[in-house]
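Listed below are the residues making up each chain.
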Amino acid sequence: MTEPAVGPPSGRPPDLDPGTRRMLWRFAPMIYGPTLLFGLAEGALLPLLPVIAAALGADVAQAALIVSVIVVARLIGNLPAGWLVARIGERRTMAIAGCLALAGGVGVLLAPGLGVLAAASFLIGLCASAFGLARHAFMTTRVPLRYRARALSVLGGSFRLGMFAGPFIAAALLAWSGATDAAVWFFLAMLVALVVLVLVGRDPEEELEAEGLLPSHTALRQAQGPAGGSLGSESAGVFRTMWRHRAVLARMGLPAASLSGLRQARVYLLPLWGVSLGLDAEAIALIVGLTGALEFALFYSSGQIMDRWGRLWACVPSMVLMGGAFVGLAFTHDLEAATAWFVAGAVVVGVGNGLSSGILMTLGADVAPPADPSPFLGSWRTLTDAGAAATPLLIAGVTAAVSLPAATALVGALGLLGAVGFSVSVPRYVPHPPHDR
């Protein structure tokens, strides 16, 4: 892959030009709305899936397996989602995924047994990957490079807001109705709103191309030409794209997978650490909720840092903070002030994760072929989701074989190695802040 010809730093990033500002404000409901709605839906449903599974007769291991099905489905779904977006476009892909996710929600609601519940969860996970990739592809081709990090950070923040608020909405619905079905009905309502928004709302892609404010896909391909790696009039296959760009996927994809693994470790390790210290559920929920609040509060800062000083200044510090926090936490389990160290570690992890908002999407967009990004982004998201899917298995295996502190230290060490990988690969493929493009 040809390395991007990015210019030298030029100080403070410029404000959004009128065309980009107009696009982001005018089409904000269509650009960020589907992501927010799906985040709210998924955030409300996921915490209750183990409860629903237990009501159907699942033990703890089976309930955990039901939840992991969504992660596996998200991993598997990235490649077909990249193929679908490249052929029918972002809007149609989201509409189809919304309808299929509705079917999955109905399956969860009416599941007579664990098999149907697992199948419905798998379908929801497949649709989640389609939603994420469709909007990622749109932002990659339609937002100017010098504003890309901020726009994608807001996109990541929209999803984080949904995932943060969803559980609280589910808790309120449970308190009001006393039935877990209320959260599933909320999931279905959000998806209906999403499908209506996608089908009825103005399509940014079509309207901007018609008005000549942004180039069409055809113009992008023609403008790029053979030297830029144009794929011609036909979209390249996903597997062909993976092979063609194997170097950048290996060099940047593996550190990206480690960052995704750190994020997933935060979801699993912090509650497990609290349980191992003997804390009650309320204390653990409060500490984990604090990290969620920090992550959401800092989501836009990541985009500002990347657009002003470059991608490296966001991805490496965030990984050092999270990886270092996990390594340090591993040595505090038996100390007298173990709970205080746990809170401090959780705060550092929350700050690090907040500063990483939008990084994976931004780096994927930076190195994707401009003329046809969807197949490449499918490959990129498969690698990052593989890191997220493998991390819980790694934690469980090392904890069973050695101890929880050993698993925590190993996850932190892998994160620090990922920071080293980024420090080597990012300057090669995205060497400077792209202010002049």
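Residues numbered from 1 in each chain as written. Predicted model: local features only at pLDDT ≥ 70, side-chain atom pairs only at ≥ 80, totals over all residues. Heavy atoms only, no water.

**Details of the overall build of the chain**
Note the cut-off: Secondary structure elements follow DSSP: runs of H or I of four or more residues count as helices, runs of E of two or more count as strands, with numbering from the N terminus. Summary of the burial criterion: residues with accessible area below 20% of their type's maximum are buried, those above 50% are exposed, and those between are partly exposed, where the area comes from a 1.4 Å probe applied to protein chains only. In this description, contact between two residues means that some pair of their heavy atoms is separated by no more than 4.5 Å. In this description, accessible areas are obtained by the Shrake-Rupley approach with a 1.4 Å probe, and a residue is regarded as covered only by the protein chains that are shown.
For the chain, the helix and strand inventory stands at 19 helices and zero strands. Of all 437 residues assigned to the chain, the portion counted as buried reaches 51%. Sequence separation of at least 24 residues holds for 86% of the intrachain contacts in the chain that already meet a minimum separation of 6. With the model as given, the accessible surface of the chain reaches about 17,900 Å², and the carbon-plus-sulfur share is 70%.

**Description of the packing of aromatic side chains**
Note the cut-off: The rule is short: rings of Phe, Tyr and Trp, with Trp giving its six-membered ring, pair when the centres are within 6.5 Å, and they are stacked under 30 degrees, edge-to-face over 60, tilted in between.
In the structure shown here, the tally under the stated rule is one aromatic pair. Ring plane angle 40° and centroid distance 4.6 Å describe the contact between phenylalanine 38 and phenylalanine 131, whose orientation is recorded as tilted. Of this pair, phenylalanine 38 sits in helix H2 (residues 28-45) while phenylalanine 131 sits in helix H6 (residues 114-142); the two residues are 93 residues apart in sequence, bridging distant segments of the chain. The residues phenylalanine 38 and phenylalanine 131 share a single accessibility class, namely buried.

**Overview of the packing of helix H12 (residues 246-276) against helix H17 (residues 359-367)**
Just so we agree on the cut-off: Lines fitted to C-alpha atoms define the axes, with helix axes restricted to the stretch in contact, and inter-axis angles between N-to-C directions lie between 0 and 180 degrees. Angle categories are assigned with fixed cut-offs, so that under 35 degrees is roughly parallel, over 145 is roughly antiparallel, 65 to 115 is roughly perpendicular, and the rest are oblique. Lys, Arg, Asp and Glu make up the charged group, whereas Ala, Val, Leu, Ile, Met, Phe, Trp, Tyr, Cys and Pro make up the nonpolar group; the residues left over, Gly among them, are polar.
Between H12 and H17, whose axes approach to 10 Å, the crossing angle comes to 170°. Comparing their axes, H17 and H12 come out roughly antiparallel. Contacts between H12 and H17 involve Val248, Met252, Ala256, Leu259, Ser260 and Arg263 on the former and, on the latter, Ile359, Leu360, Leu363 and Val367. Classifying every residue of the contact of H12 with H17 by side-chain character gives eight nonpolar, one polar and one charged.

**Describing helix H16 (residues 338-355)**
Think of an α-helix as 3.6 residues a turn; residues three or four steps apart then line up on the same face. Applied cut-off: Any helix carries an expected span of 1.5 Å times its number of residues minus one.
Here H16 spans 26 Å end to end across 18 residues, near enough to the 26 Å set by a 1.5 Å rise per residue. The set of residues buried in H16 consists of Ala338, Phe342, Gly345, Ala346, Val349, Gly350, Gly352, Asn353, Gly354 and Leu355.

**Points about the side chain of serine 318**
As a reminder, the rule being used: We call two N or O atoms a polar contact when they sit within 3.5 Å, provided that within protein one can donate a hydrogen and the other can accept it, with sequence-adjacent residues counted only if both atoms are side-chain atoms.
Among the structural elements, serine 318 can be located in helix H15 (residues 312-329). Within polar-contact distance, the side chain of serine 318 engages the backbone oxygen of alanine 314 at 3.0 Å. Ignoring anything within four residues of it in the chain, the contact list for serine 318 reads Gly352, Leu355, Ser356 and Ile359.

**Quick look at the pattern of salt bridges**
Which entries qualify depends on this criterion: Each reported salt bridge corresponds to a side-chain nitrogen of Lys or Arg within 4 Å of a carboxyl oxygen of Asp or Glu.
Summed over all chains, the structure comprises four salt bridges. A salt bridge links arginine 266 to glutamate 295, with the nearest nitrogen and oxygen atoms 3.2 Å apart. With a gap of 29 residues between them, arginine 266 in helix H12 and glutamate 295 in helix H13 (residues 281-297) connect regions that are remote in the sequence. Under the relative-accessibility criterion, arginine 266 is labelled buried at 17%.

**Let's talk about a nonpolar patch on the surface**
What counts is decided by this rule: Candidate patch residues must exceed 30% relative accessible area and have no salt bridge, after which like charges are joined if within 9 Å and Val, Leu, Ile, Met, Phe, Trp or Tyr side chains if within 5 Å.
Taken together, Val192, Val196, Leu199 and Val200 make up a surface patch of nonpolar side chains, about 380 Å² in accessible area. Among the structural elements, valine 192 can be located in helix H8 (residues 181-200).

**Description of the environment of isoleucine 359**
Mapped onto the secondary structure, isoleucine 359 falls in helix H17. On the basis of relative accessible area, isoleucine 359 is assigned to the buried category, the value being 0%. For the pair isoleucine 359 and glycine 156, spaced 203 residues apart in sequence, the C-alpha separation works out to 8.9 Å. In this structure isoleucine 359 touches Leu259, Arg263, Ser302, Met306, Ala314, Cys315 and Ser318, once residues within four positions along its chain are discounted.

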